[in-house]
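Geometric and topological summary
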Amino acid sequence: MDSVRSAFPAKFAHPRSMPTRFLPAIHTTASSYKNPFPNRPLPQSYSLPWMPSTYYKTAAIKPTLAPLAKSSQGISAGEKLPSLSTSTTVFTRYTPEDWYKSNGTNCRESEASQKNAERLRADTSRLIDDKYRQTKKTQVESTRNLGVRANDIAFWKSELRHELDEVIGETNALTDVKTRLERALAESEAPLQVAQECLLHREKRMGIDLVRDNVEEQLLTEVDVIRSCREKMQQFLDKAKAQILSNRAAQHKLEKDLANKQVAHRIDDRCHHLMNTSHGISYYRGVEQVDATISVPESWAKFTNDNILRSQSQRAASAKLRGDIENLLPVTASEMRRQFNAVNVAFTKRIAEMADAKRKTQTHLAKTLQEIFRMERNIEAIQKAIRDQGPPLKVAQTRLDERTRRPNMELCRDTAQLRLVNEVRDIGETVQTLQQQLRDSEDALQMLVRAKAVLQHDLAVKANSLFIDQEKCMGMRKTFPSTARLLAPI
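Residues numbered from 1 in each chain as written. Predicted model: local features only at pLDDT ≥ 70, side-chain atom pairs only at ≥ 80, totals over all residues. Heavy atoms only, no water.

Here we come to the overall build of the chain. Within the chain one finds 12 helices and 0 strands. When the helices and strands of the chain are placed in sequence order, the string is α-α-α-α-α-α-α-α-α-α-α-α. Within the chain, buried positions represent 26% of all 490 residues. A separation of at least 24 residues holds for 89% of the contacts in the chain among residues at least 6 apart in sequence. With the model as given, the accessible surface of the chain reaches about 33,700 Å², and the carbon-plus-sulfur share is 56%. (Helix = DSSP H or I, 4+ residues; strand = E, 2+ residues; numbered from the N terminus. Buried < 20%, exposed > 50% of the residue type's maximum accessible area, 1.4 Å probe, protein only. Contact = heavy atoms within 4.5 Å. Areas by Shrake-Rupley, 256 points an atom, 1.4 Å probe, with all protein chains shown as cover.)

The next subject is the side chain of Arg477. The residue Arg477 is located in the loop between helix H11 (415-476) and helix H12 (483-487) in this model. Residue classification places Arg477 among the buried residues on the basis of a relative accessible area of 2%. Polar contacts involving the side chain of Arg477 include one to the main-chain carbonyl oxygen of Phe340, which spans 3.2 Å. When sequence neighbours within four positions are dropped, the list of residues in contact with Arg477 reads Val194, Ala195, Cys198, Leu219, Glu222, Gln339, Phe340, Val343, Asn344 and Phe347. (Polar contact = N/O pair within 3.5 Å; in protein donor to acceptor, adjacent residues only side chain to side chain.)

In this section: the packing of aromatic side chains. For the structure on display, the rule yields 2 aromatic pairs. Judged by centre distance (4.8 Å) and plane angle (75 degrees), the ring pair of Trp99 and Tyr100 falls under edge-to-face. What makes Trp99 partly exposed here is its relative accessible area of 43%. Aromatic pair Phe155 and Trp156: ring centres 5.2 Å apart, planes at 70 degrees, arrangement edge-to-face. When its relative accessible area of 15% is taken as the criterion, Trp156 is described as buried. We note Arg149 situated over the ring of Trp300; from NZ or CZ to the ring centre the distance is 3.8 Å. Over the ring of Phe236 we find Lys239, and its NZ or CZ is 5.1 Å from the ring centre. (Phe/Tyr/Trp six-rings, centres within 6.5 Å; stacked < 30°, edge-to-face > 60°. Lys NZ or Arg CZ within 6 Å of the ring centre and 35° of its normal.)

Let us now look at the packing of helix H5 (residues 96-202) against helix H6 (residues 214-227). Two elements in contact, H5 and H6, have axes separated by 9 Å at closest approach and are oriented at 145 degrees. Seen from above, H5 lies across H6 with left-handed handedness. Mapping the contact onto sequence places Ser188, Pro191, Leu192, Ala195, Gln196, Cys198, Leu199 and Arg202 in H5 and Val215, Glu216, Leu219, Leu220, Glu222, Val223, Ile226 and Arg227 in H6. Class assignment of the residues belonging to the contact of H5 with H6 gives a composition of 10 nonpolar, 2 polar and 4 charged. (Axes fitted to C-alpha atoms, helices over the stretch in contact; angles between N-to-C directions. Left-handed = near helix turned anticlockwise from the far one by under 90°. Nonpolar A, V, L, I, M, F, W, Y, C, P; charged D, E, K, R; others polar.)

This brings us to H11. Its 62 residues place the ends of H11 84 Å apart at the C-alpha level, agreeing with the 92 Å of an ideal helix rising 1.5 Å per residue. When the local axis directions of H11 are compared, the greatest deviation, roughly 30 degrees, occurs at Phe467. (Expected span 1.5 Å × (residues − 1). Bend = angle between axes of the 7 residues up to and from the residue.)

Once that is clear, we can look at the confidence of the model for the chain. In the predicted model, the chain carries a mean pLDDT of 78, and 78% of its residues have values of at least 70. Within the model, pLDDT remains below 50 along residues 84-88, and this stretch shows 2 contacts once partners closer than five positions in the same chain are excluded. (pLDDT = per-residue confidence, 0-100.)

Let us look at the nonpolar core. The biggest cluster of nonpolar side chains holds 19 residues, and the ones touching the most others in it are Cys198, Val215, Leu219, Val223, Phe347 and Cys473. Of all elements in the fold, only H5, H6, helix H9 (336-388) and H11 reach the threshold of two or more residues within this core. A per-element tally of this core places H9 first, with 6 residues. Counting residues in each nonpolar core, the second largest holds 14 residues, with Val177, Ala184, Phe236 and Leu321 among its members. (Core = buried A, V, L, I, M, F, W, Y, C linked by side-chain atoms within 4.5 Å.)

So, about helix H10 (residues 390-403). Along its 14 residues, H10 runs 20 Å from first to last C-alpha, staying within 8% of the 20 Å computed at 1.5 Å per residue. Close packing links the buried residues of H10 with H11.

Okay, here's the thing in structure tokens:
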């Protein structure tokens, strides 16, 4: 018995995997029912103890499924198993009842598994059909809701477009009236601005020309006459500008709301026409958890309605202001024309006096400039003569420097040496004489330049006064607004 326990101890050590290893596969041929080991013991039943301790003990070798012939190699003749006929009672561990019971249990478990699988398949089929119908219904409802939403957006778009056209028309009309008012104010303001600018420009006269003459007296009178004609027009102009800003603010809100609705309508319309076969559809994981909404249908509709009501209110105020401006335009003064003419006459007389003085100054200045030109030519000639003395001086000094390198007794103070020394001195005296002449010429030139500066300053004073009166002042006063221009429509 010891040899039996040591030869086959691991065959039943792990009965959990034995059924799948020893039960043969099911085949349709008759040979599949043959038992290749008829007298081998069957696996241990699950109802028996997992590790029996009566006749067997666990061996340390690894379990194996090798044939019996290989397992018995290395065992002596005295240790081999006895013949099967004499050891049947030793290896038999199950009864026929256990065998039938195991087969019945396997069949019942198989039938239960089959029924469970059939029921699961039926439930799965019903679930697939139900979820398909539910998904289809949900998609249809979503499509219908998107269509309703697109129609709502289209309705508010049409309302916004209509109100936007109205407010743009009213803003344009008010802008036209404001432009007329600005032109009338500018035309009526022109004499005042011209008079003030003329006074400001005449303050820029220099020297003796800065006098309080008849022209300045007439300009001050013109300022007093015109200033009282502008206050009411300016007040209405400010109101018109503020109203246009309000209209444009309402218009901006309408345009922004309309632009947002156009984008939303395009998106919702595209979503409304999307199908399962459409291009561009994809998975967006977690998108249903993102809630970026900031309004509900009630607040959404109220927002657009408020924008429309605000625009209508601004249109009514704009229409009333337009009527007031139309009544204000004919109320303009015409006294500016008379004073304008009086100032122009004074300017003409003063311009003639300054032009005569300017001609005399220009004559003296021309003579001075001619003499300055000649003196500059003389200075250039002297400078050239000084430069011409440079090369001979270099030659003489170079010769003297070279002769200092003669050796020993060759350093003789000969005639050539004396002549070179005299030559250097003569050239130096010549340069000093020319430089003195250059300084005298430059002093004379400075006198001429100062005289030119005096004449130019005087000429500039008169030219400045003449330019101010003739060019700046009279240049601005050539165009004076007429009554027709003040009241003419655009």
